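These are the residues of each chain, in order.
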Amino acid sequence: MSYQIPQLNGQDLELTLHIKNSQFIANLRHTDGRDECNIHLNDMRKKYPDASHHCWAVVAAAPENSTYWGLSDAGEPSGTAGKPMLQVLSHCGIGEVSVVVIRYFGGTKLGTGGLVKAYSDAVKQVVEACPTQLKLHLSHLRLSCPYDLSGRIEHLCKKHQSSINERHYSDELALYLIIPTEKMLDFEQDLAPLPLVSLS
């Protein structure tokens with residue numbers, strides 16, 4: 001399975017919104033797994049120790065894998081921060097991403113609807129500004145074949161975006177391949193008619 005992930009080269013992406021004297025700082029990071037999300041949250045608490053709230057939402061694996069979703073209102077009224085943040089994050093099609101929204105309270109209460117809109121908008125804006133790249137799940141294979149089939153095999157490797165990592169020469173040719181997992185079935189079907197080809 002392939003999906004989009006943030007392309008930030010190890011950096012955070014940060015945007016600030018000002019709403020009725022309150023400051024909302026949305027900080028987005030590529031986080032592969034919940035442990036990295038926890039590090040992100042702790043980093044933001046250290047960076048903004050005097051903030052009123054550090055609310056967060058995370059999609060720590062593939063976008064549709066809700067096992068790796070998480071959220072926190074961090075002291076805001078229940079359902080006004082984490083839930084709307086995750087609503088935006090889980091529908092943006094990006095995986096391995098966490099957003100912490102740091103709020104400095106400006107003295108004017110925004111009300112339930114105002115908070116939901118503020119936290120939603122903060123996540124929307126930082127997500128829209130985030131560059132992404134495609135993450136492919138890769139499988140490693142060993143393929144052995146007679147030497148006279150090597151040309152056809154290499155052609156099929158290119159067709160299915162498989163790269164040849166190593167070649168070993170003995171009685172037959174052994175190729176060590178890296179292939180996108182979602183291409184495996186089609187690759188195996190194309191290999192099936194060829195004689196004396198084995199995969200492991």
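Refer to the structure presented above.
Note that the structure is predicted; figures quoted are calculated from it, not measured. Each chain carries its own residue numbering, running from 1 in the direction its sequence is written. Only residues with pLDDT of at least 70 are given local features in this predicted model, and only at 80 or more are side-chain atom pairs given and counted; all residues enter the totals for whole chains, interfaces and linings. Side-chain measures here rest on the full set of heavy atoms in the structure, leaving out hydrogens and waters.

Looking now at the overall build of the protein. By definition, any uninterrupted DSSP run of H or I lasting at least four residues is a helix, any uninterrupted run of E lasting at least two residues is a strand, and each is numbered from the N terminus. Tallying secondary structure elements over the protein gives 5 helices and 11 strands in all. The C-alpha atoms of the protein give a radius of gyration of 24 Å, which is well past the 16 Å a tight globule of 200 residues would have. Along the longest, intermediate and shortest principal axes, the C-alpha atoms of the protein span 80 × 30 × 25 Å. Each residue is assigned to one of three classes by its accessible area relative to the maximum for its type, calculated with a 1.4 Å probe on protein chains only: buried under 20%, partly exposed between the two thresholds, exposed over 50%. Relative to its 200 residues, the protein shows a buried fraction of 44%. Here a residue-residue contact requires only that any non-hydrogen atoms of the pair lie within 4.5 Å. Intrachain contacts of the protein at a sequence separation of at least 6 include 68% that bridge at least 24 residues. Throughout, the Shrake-Rupley method with a 1.4 Å probe supplies accessible areas, and for residues the shown protein chains are the sole cover considered. Just so you have it, the protein exposes about 10,400 Å², and 50% of that area is on carbon and sulfur atoms. As used throughout, the charge tally considers Lys and Arg to be positive and Asp and Glu to be negative, leaving His and the chain termini uncounted. Charge coordinates come from a single atom per side chain, which is NZ of Lys, CZ of Arg, CG of Asp or CD of Glu. Placing the 18 positive and 22 negative side-chain charges of the protein at their respective mean positions leaves the two points 8 Å apart. All radius of gyration figures rest on C-alpha atoms, and the globule criterion is 2.2 Å times the number of residues raised to 0.38.

Tracing the chain through its elements places His53 in strand S4 (residues 53–59). At a separation of 3.0 Å, a polar atom in the side chain of His53 contacts the main-chain carbonyl oxygen of Ala74. Ignoring any residue separated from it by four or fewer positions in sequence, one finds His53 in contact with Ala74, Gly75, Glu76, Val101, Ile102, Arg103 and Tyr119. Here a polar contact means two N or O atoms within 3.5 Å. Within protein one must be a hydrogen donor candidate and the other an acceptor candidate, and residues neighboring in sequence count only if both atoms are side-chain atoms.

Moving on, we get to the pairing of strand S9 (residues 163–169). In this description, strands pair whenever DSSP reports at least two bridges between them. With 6 bridges connecting them, S9 and strand S10 (residues 173–180) associate as antiparallel partners. Each bridged residue has a counterpart across the sheet, and for Ser163 the counterpart in S10 is Ile178. Here S9 folds back onto S10, and the loop between the two strands holds 3 residues.

Working definition: an aromatic ring pair is given by the centre-to-centre distance plus the angle between the planes. Aromatic rings from Phe, Tyr and Trp, taking only the six-membered ring of Trp, are treated as a pair when their centres fall within 6.5 Å; an angle between ring planes under 30 degrees marks them as stacked, one over 60 as edge-to-face, and anything in between as tilted. For the coordinates displayed, the defined rule picks out 3 aromatic pairs. Relative to Tyr104, the ring of Tyr48 has its centre 6.4 Å away and its plane inclined at 80°; by these criteria the two rings are edge-to-face. Here the residue Tyr48 occupies a position in the loop between helix H1 (34–47) and S4, and Tyr104 occupies one in strand S6 (residues 97–104), the gap between them amounting to 56 residues. The same class applies to Tyr48 as to Tyr104, namely buried. Both rings, one in Tyr147 and one in Tyr169, keep their centres 6.3 Å apart while their planes meet at 10°; by these two values the pair is stacked. Here Tyr169 lies in strand S9 and Tyr147 lies in the loop between strand S8 (138–145) and helix H4 (150–159), a separation of 22 residues in the sequence. The exposure class of Tyr169 is exposed, given its relative accessible area of 58%.

Our next topic: the side chain of Thr80. Note that Thr80 resides in the loop between strand S5 (69–72) and helix H2 (82–90). Residue Thr80 is classed as buried on the basis of its relative accessible area of 1%. Among residues more than four places away in sequence, those in contact with Thr80 are Asp73, Thr112, Leu115, Val116 and Tyr119.

The next point concerns the nonpolar core. Core analysis: the largest hydrophobic core is formed by 27 residues, its most contacted members being Leu28, Met85, Leu89, Val99, Val101, Tyr119 and Val123. Counting only elements with at least two residues in this core, the list comes to strand S2 (13–19), strand S3 (22–30), S4, H2, S6 and helix H3 (111–128). No other element matches the 7 residues that H3 contributes to this core. Once residues lying within four places of it in the same chain are set aside, the contact partners of Val99 are Ala26, Asn27, Leu28, His40, Cys55, Trp56, Ala57, Met85, Leu89, Val123 and Val126. Formed by 15 residues, the second largest nonpolar core is a distinct cluster that contains Leu143, Cys157, Leu177 and Leu194. Put simply, a nonpolar core is a bunch of buried Ala, Val, Leu, Ile, Met, Phe, Trp, Tyr and Cys residues held in one set by side-chain atoms that sit within 4.5 Å of each other.

Honestly, that's just the spatial picture; any functional story needs more than this.
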